[in-house]
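Results of the structural survey
In case you want the letters, here they are:
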Amino acid sequence: MTIYYQGHQKILVSVDCIIFGFEHNKLKVLIGHRALDPGKGEWSLYGGFVRNEESIDDAADRTLFELTGMRNVYMRQVGAFGSVNRDPGERVVSIAYYALINVKDYDTKLLKEHDVEWVDIESLPQMFSDHREMIAKARQKMQEKIRTEPISFQLLPSLFTLTQLQRLYEAVNGEEVDKRNFRKRIKEMDFIEKTELIDKTSSKRGAYLYRFNKNAFHEGTNFKL
């Protein structure tokens, strides 16, 4: 305890993690049921309070690791949410972050351990406080970023078909894209490489698999979709 700011109200600061995944051509969010009051049992994002020794980024990293067991995940800040009555328990300001992971990299045992599940972003239930607003803002941020940076590959396996890539863009943006123009643009990008491997899970003829070449991208190729 210090002698400073004695006459001022103390406000709690928390972080909430919006974890996006892509599965069965759907953009999904990892959510669960709150384990404590207020709002116990309501659908909620996974979050936690910022500790005295942590920056907000450190708190977000810790919270993400607790939920996923994963490090070095793509994560960006969405913004601050601080409506006066957003949390009926206390005056809490929350800093929201969104993260992108490959669903298949996530240990399914953790789903049961944390009582969370992947939910289609187009079919979200009612949620605690302003968590649906957080998700909507995070999706908007992702839509802006996906046009100028290759963040989509964080959600895909290392080898993917062009159809998978197209479906991902459609899921993120919530609208169909023109297949012909999309593929033409993708094939102009040197850092999206066609392999000799073929995926035959969806048809006998199959489809060629592609991969993202990070080194080629970092050499200065422009990215815009």
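Residues numbered from 1 in each chain as written. Predicted model: local features only at pLDDT ≥ 70, side-chain atom pairs only at ≥ 80, totals over all residues. Heavy atoms only, no water.

**Observations regarding the pattern of salt bridges**
- Across all of its chains, the model carries nine salt bridges by this definition.
- When the shortest N-O distance is used, the salt bridge between Arg 167 and Glu 170 registers 3.1 Å. Taken together, the residues span about one helical turn, with Arg 167 and Glu 170 both in helix H4 (residues 162–173) at a distance of three residues.
- Taking relative accessible area as the criterion, Arg 167 reaches 31% and is therefore assigned partly exposed.
- Its salt-bridge partner being Arg 211, residue Glu 193 comes within 3.3 Å of it at the nearest N-O pair. In this pair, Glu 193 sits in strand S8 (residues 192–199) while Arg 211 sits in strand S9 (residues 207–212), placing the two residues 18 residues apart along the sequence.
- Each member of the salt-bridge network shares a partner with another, and the members are Glu 54, Arg 62 and Glu 66. (Salt bridge = Lys/Arg side-chain N within 4 Å of Asp/Glu carboxyl O. Helix = DSSP H or I, 4+ residues; strand = E, 2+ residues; numbered from the N terminus. Buried < 20%, exposed > 50% of the residue type's maximum accessible area, 1.4 Å probe, protein only.)

**Details of the environment of Ala 35**
- Structurally, the position occupied by Ala 35 is in the loop between strand S2 (26–33) and strand S3 (43–44).
- Ala 35 sits in the exposed class, given a relative accessible area of 66%.

**Some details on the environment of Ile 18**
- For Ile 18, the location among the structural elements is in strand S1 (residues 12–23).
- A C-alpha to C-alpha distance of 14 Å links Ile 18 and Ala 59, two positions 41 residues apart in sequence.
- Not counting residues within four places of it along the chain, the set of residues in contact with Ile 18 comprises Val 29, Leu 45, Val 78, Ala 96, Tyr 97, Tyr 98, Ala 99, Met 134, Ile 135 and Ala 138. (Contact = heavy atoms within 4.5 Å.)

**Comments concerning the nonpolar core**
- Of all hydrophobic cores here, the largest spans 42 residues; its most connected members are Ile 18, Phe 20, Tyr 98, Ile 135, Leu 165 and Ile 192.
- Sort the elements by how many residues they give to this core and H4 lands first, with six residues.
- Residues Met 70, Tyr 97, Ile 101 and Val 116 belong to the second largest nonpolar core, which totals 20 residues. (Core = buried A, V, L, I, M, F, W, Y, C linked by side-chain atoms within 4.5 Å.)

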